[in-house]
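Here are the chains, one letter per residue:
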Amino acid sequence: MSEISGARIIARSLKQQGVEYMFGVVGFPVIPIASAAQKEGIRYLGFRNEQSASYAAGAIGYLTGRPGACLAVSGPGMVHGIAGLANAWSNCWPMILLGGANDSYQDGRGAFQETPQIEAARPFSKYAARPESAQRIPFFVEKAVRTSISGRPGAVYLDLPNDLISANLDEQEINWLDRCPEPARSLADPEYIENALETLKSAERPLVIVGKGAAYARAEGEVREFLEKTQLPFLASPMGKGVVPDDHPLSVAPARSHALQNADVVFLIGARLNWIMHFGLPPRFAEDVKIIQLDISAEEIGTNVPTAVPLVGDAQRVMGQLNTALETRAWSYPKQTTWRSELHEQVSKNVASVDAMLNDDSEPMGYYRVLREIRDLVSRDTIICSEGANTMDIGRTVLPNFEARHRLDAGTYGTMGVGLGFAIAAAVAHPEKKVVCVEGDSAFGFSGMEVETACRFRLPITFIIINNNGIGGGLSEYDPANPPPFVYTIDARYEKVIEAFGGRGYYVTTVKELGPTLKEALNDPMPNIVNIMIDPRAQRKPQKFEWLTH
Ligand code: ADP
Ligand code: MG
């Protein structure tokens, strides 16, 4: 008889179900799972905190379509992992949190790190369970993975008590399960396909919004074909950026506010009318706007604004249906319309209004000048991770994306501290690409120690810290007896942190240093930090509407 441990069954089942990456922090009782994962050929990356590991697991899910695993010890470790579980839940990304737990026969006795873990995971999970025997582990793993990628993707949780992990079984007793296939891609009701096209044809001021559901569905080819066939103006949500290149002539991104406010028909492709889209309500949207909504989740249809045309299905397939319908009855939105010229006018006006800031060489520098230099130096297929309030918001407008799933940011949940975990996930999923993580100094601070992880794995990530001494702008001096809540250490030398682990740190304060330093850092095959001091009072250009209003 050949024996197999619970840990090995867990690892082999994960591998069989297509889980290729595991991020975690080892300790009681999960150490054997990490070692078994490595033996089974899963890429294991030891992190410094479960929070970052859990963010990485969600990002892998979004980037690859199969959940990343986060491995956490019992109690506090698992609780830290809930951060990423909630982030994946909010963003609709597949991930699997594996929480170690005390021996099941100690439940209720006050065991070491005993915690109501399944209950804690449940509100953020599509599925949360504890296998009742080691023999049935493959069943639970298959169900967890399949649930995370089916329908609207999301987070799942498996609770793994020590006695299950350390059990030894006869291999003959295990019922291994085949890899669950990619989820079936569903089509929309054909009647609504016609209806959607008719509604678009009847529109005077149509607008297409491309969201990260389209990116997740790998619908970039179909969405682009649709836009080019119909010649409809479009803009993207923050992570929908790149599904169609930002420099595509049909993009009206710089005229975002005007386009949202005045469109009479909006076609949402895998994007939600939540806070990011101002709930689809006035004054950000027109009172009587008609919504065509493409979403895989039937429950999402009609959220906040009644939907005129529901297209429930997979974005790639449904966009294919629309393209097929357009083949037999070609139609495109006219070249010359008031709406189109209005949008173009707004685009030119808004582009011109930031031009001065992009080219402003005064010192200390502002956000725009720094971001412009980054924009000019990174290649088109760079993966950009970004977080921090102003750094991310301004970065979204200044740094273009040209490929789908090449932008990862604070997302639907607005989570700060995701940047390092995301960048590490992107670098392991795409070893052939450059990853740049553009962060505010406060955002970096949440999980800065993960630069050690990046160095240990020699991941060629450039962490660019746009440093304004605090949260939303610090000070040039403060009373150390009572620093204001938003202030962090003045001129903090964050770049020195990475030097402790063999990476290179760069410190930039002048325009003259900016370009050459960034160039050197971007070409460095090791991870590095470029710490760029900006004016602590630097701000975003005045906005017609702030994000969190209306
Ligand atoms: P954004 O922030 O870009 O607006 P959201 O996360 O708010 O994106 O919305 C993405 C939407 O995409 C979700 O409502 C989700 O249900 C949907 N979605 C996820 N996968 C698919 C898919 N394969 N096809 C269509 N829609 C999808
Ligand atoms: Mg800051």
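Shown above is the structure to which this text applies.
Residues numbered from 1 in each chain as written. Chains lettered and ligands numbered in written order. Predicted model: local features only at pLDDT ≥ 70, side-chain atom pairs only at ≥ 80, totals over all residues. Heavy atoms only, no water.

Re the overall build of the protein chain
Here is step 1 of the chain: Counting secondary structure elements, the protein chain contains 20 helices and 19 strands.
Here is step 2 of the chain: Scaling as 2.2 N^0.38, a compact globule of 550 residues should have a C-alpha radius of gyration of about 24 Å, and the protein chain matches this with 24 Å.
Here is step 3 of the chain: For the protein chain, the spread of C-alpha atoms along the principal axes amounts to about 75 × 65 × 40 Å.
Here is step 4 of the chain: For the protein chain, the share of sequence-separated contacts (at least 6 apart) that also reach a separation of at least 24 residues comes to 76%.
Here is step 5 of the chain: In the form shown here, the protein chain has an accessible surface area of approximately 21200 Å², with 52% of it arising from carbon and sulfur atoms.
Here is step 6 of the chain: Looking at charge distribution, the protein chain has the averaged site of its 53 positive side-chain charges lying 3 Å from that of its 64 negative ones. (Helix = DSSP H or I, 4+ residues; strand = E, 2+ residues; numbered from the N terminus. Rg over C-alpha atoms; globule rule 2.2 N^0.38 Å. Contact = heavy atoms within 4.5 Å. Areas by Shrake-Rupley, 256 points an atom, 1.4 Å probe, with all protein chains shown as cover. Lys, Arg positive; Asp, Glu negative; His and termini not counted. Charge placed at Lys NZ, Arg CZ, Asp CG, Glu CD.)

Things to note about the site of ligand 1
Here is step 1 of the chain: The environment of ligand 1 is made up of 22 residues, and the closest members are K212, S237, R272, D295 and A315.
Here is step 2 of the chain: Here an oxygen atom of ligand 1 and a side-chain polar atom of S237 are 2.4 Å apart.
Here is step 3 of the chain: The separation between a nitrogen atom of ligand 1 and a polar main-chain atom of A315 is 2.8 Å.
Here is step 4 of the chain: For the shell around ligand 1, the elements supplying multiple residues, two or more each, are α9 (212-216) and β12 (290-295).
Here is step 5 of the chain: When residues in the shell around ligand 1 are grouped by element, the largest group, 3 residues, is from α9.
Here is step 6 of the chain: A class-by-class count of the residues in the shell around ligand 1 yields 7 nonpolar, 9 polar and 6 charged. (Near = heavy atom within 4 Å. Polar contact = N/O pair within 3.5 Å; in protein donor to acceptor, adjacent residues only side chain to side chain. Nonpolar A, V, L, I, M, F, W, Y, C, P; charged D, E, K, R; others polar.)

What to know about the coordination of the magnesium ion (ligand 2)
Here is step 1 of the chain: The protein atoms that coordinate the magnesium ion (ligand 2) are D441 (OD), N468 (OD1) and G470 (O), at distances spanning 2.0 to 2.1 Å.
Here is step 2 of the chain: Mapped onto the sequence, the residues coordinating the magnesium ion (ligand 2) show the spacing D-x26-N-x1-G. Taken as a pair, D441 in helix α17 (residues 441-446) and G470 in the loop between β17 (461-467) and α19 (495-499) lie far apart in primary sequence, 29 residues in all.
Here is step 3 of the chain: Overall, D441 belongs to the buried group, its relative accessible area being 2%.
Here is step 4 of the chain: Judged by its relative accessible area of 3%, G470 falls in the buried class. (Donors = N, O, S within 2.8 Å, 3.2 Å for Na, K, Ca; no water. Buried < 20%, exposed > 50% of the residue type's maximum accessible area, 1.4 Å probe, protein only.)

Observations concerning the nonpolar core
Here is step 1 of the chain: Ranked by size, the top nonpolar core spans 153 residues in total, and within it F23, F226, F267 and L311 carry the most contacts.
Here is step 2 of the chain: With 9 residues, the top contributor of residues to this core is helix α16 (residues 419-429).
Here is step 3 of the chain: Setting aside anything within four residues of it in sequence, one finds L311 in contact with A188, Y192, I193, A196, F267, I292, Q293, L294, D295, V318 and L322. (Core = buried A, V, L, I, M, F, W, Y, C linked by side-chain atoms within 4.5 Å.)

Comments concerning the side chain of R272
Here is step 1 of the chain: Considering the arrangement of structural elements, one finds R272 in the loop between β11 (265-269) and β12.
Here is step 2 of the chain: Here R272 occupies a buried position and makes no salt bridge, while the nearest side chain of opposite charge, E300, is found at 5.0 Å.
Here is step 3 of the chain: At 3.5 Å, the side chain of R272 and the side chain of T412 are in polar contact.
Here is step 4 of the chain: Excluding residues that lie within four positions of it along the chain, R272 makes contacts with S90, N91, C92, R152, K212, M277, E300 and T412. (Salt bridge = Lys/Arg side-chain N within 4 Å of Asp/Glu carboxyl O.)

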